[in-house]
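What the coordinates show
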Amino acid sequence: MLAGSGGNMSIRLDRDRVLITRSGVAKGRLTPDDIILVDPDGRHVRGDGEPSTEMLMHLFVYRERPDVMACVHSHPPYATAFAVAGIPLEADILPEVVVYVGDIPLTKYASPGTNAVPESLAPYVKDHNAFLLANHGLLTVGKTLEQALNRHETVEQLARILAQARQLGAVNRIPRTDIDRLSAIRRDHD
Ligand SMILES: [Zn+2]
């Protein structure tokens, strides 16, 4: 999912506290010292170093989505390839994507680390759990860190399969009636 020190993760502990990964650290080698405690406005509470440069994006999601308690952001190669090509990821080709993730909007390009990133999410954040960030990467959210991470892996797997299917020359969709049934399962789980 990650190269170098790319990507970032956060968890909302409660109304006043968010844990987020430190800027510039490889996520595969995280230690407790690499987690920074901030308040919902991004003020530093505890931990050495700077919080992730994408903190504005995480805090925006928590403000807009009271149900979300964790965010995972990375630049996984297949999903990011679609984000670079400007090709949306269709959710309605694999049942597990419909059930566990739902539709995946492709947002407008926004300069990483700026307020343009939350602004690019604004049209979609209330109704979606995964967002493809143009020329950047993937953001997934969930009630738990595990759910956000599972959604991340599910979207990257979808992107790999979709890329292969496009090479084979056909992408068949799940029938509309079954999409409705699978979507209802997701809403029941949410
Ligand atoms: Zn990024």
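Small disclaimer: the values here were computed from a predicted structure and weren't measured.

In ideal tetrahedral geometry, four donors around a metal make angles of 109.5 degrees, whereas ideal octahedral geometry with six donors gives angles of 90 or 180 degrees. Protein-derived ligands of the zinc ion are His73 (NE2), His75 (NE2) and His136 (NE2), with the metal-ligand distances lying across 2.0 to 2.1 Å. The sequence pattern formed by the donor residues of the zinc ion is H-x1-H-x60-H. A residue pair is termed long-range when its members are at least 10 positions apart, and His75 in the loop between strand 5 (70-74) and helix 2 (77-85) and His136 in the loop between strand 7 (130-133) and strand 8 (137-142) qualify at 61 residues. The exposure class assigned to His136 is buried, which follows from its relative accessible area of 11%.

Looking now at empty space enclosed by the protein. Tallied over the entire structure, the rule returns 1 cavity of 30 Å³ or more. By volume, the largest cavity is sized at about 30 Å³. For the largest cavity, the full set of lining residues is Thr107, Lys108, Tyr109, Ala110, Val117, Ser120, Leu133, Ala134 and His136. Here the lining of the largest cavity is built from residues that sort into 5 nonpolar, 3 polar and 1 charged.

Turning our eyes to something else, we now look at the pairing of strand 1 (residues 8-14). Here 4 bridges tie strand 1 to strand 5, and the two strands are oriented antiparallel to one another. Pairing of Ser10 across the sheet is with Cys71, part of strand 5. Pairing analysis gives 4 bridges linking strand 1 to strand 2 (residues 17-21), with the strands arranged antiparallel. When the sheet's bridge partners are listed, Ile11 is paired in strand 2 with Leu19.

Cut-offs used in this document
- Residues numbered from 1 in each chain as written.
- Predicted model: local features only at pLDDT ≥ 70, side-chain atom pairs only at ≥ 80, totals over all residues.
- Heavy atoms only, no water.
- Donors = N, O, S within 2.8 Å, 3.2 Å for Na, K, Ca; no water.
- Helix = DSSP H or I, 4+ residues; strand = E, 2+ residues; numbered from the N terminus.
- Buried < 20%, exposed > 50% of the residue type's maximum accessible area, 1.4 Å probe, protein only.
- 1 Å grid on protein atoms, 1.4 Å probe; cavity = no way out; pocket = protein on both sides within 12 Å on 5 of 7 lines; lining within 4 Å.
- Points joined across faces, edges and corners; volume = space filled by probe spheres on them.
- Nonpolar A, V, L, I, M, F, W, Y, C, P; charged D, E, K, R; others polar.
- Pairing = 2+ DSSP bridges.

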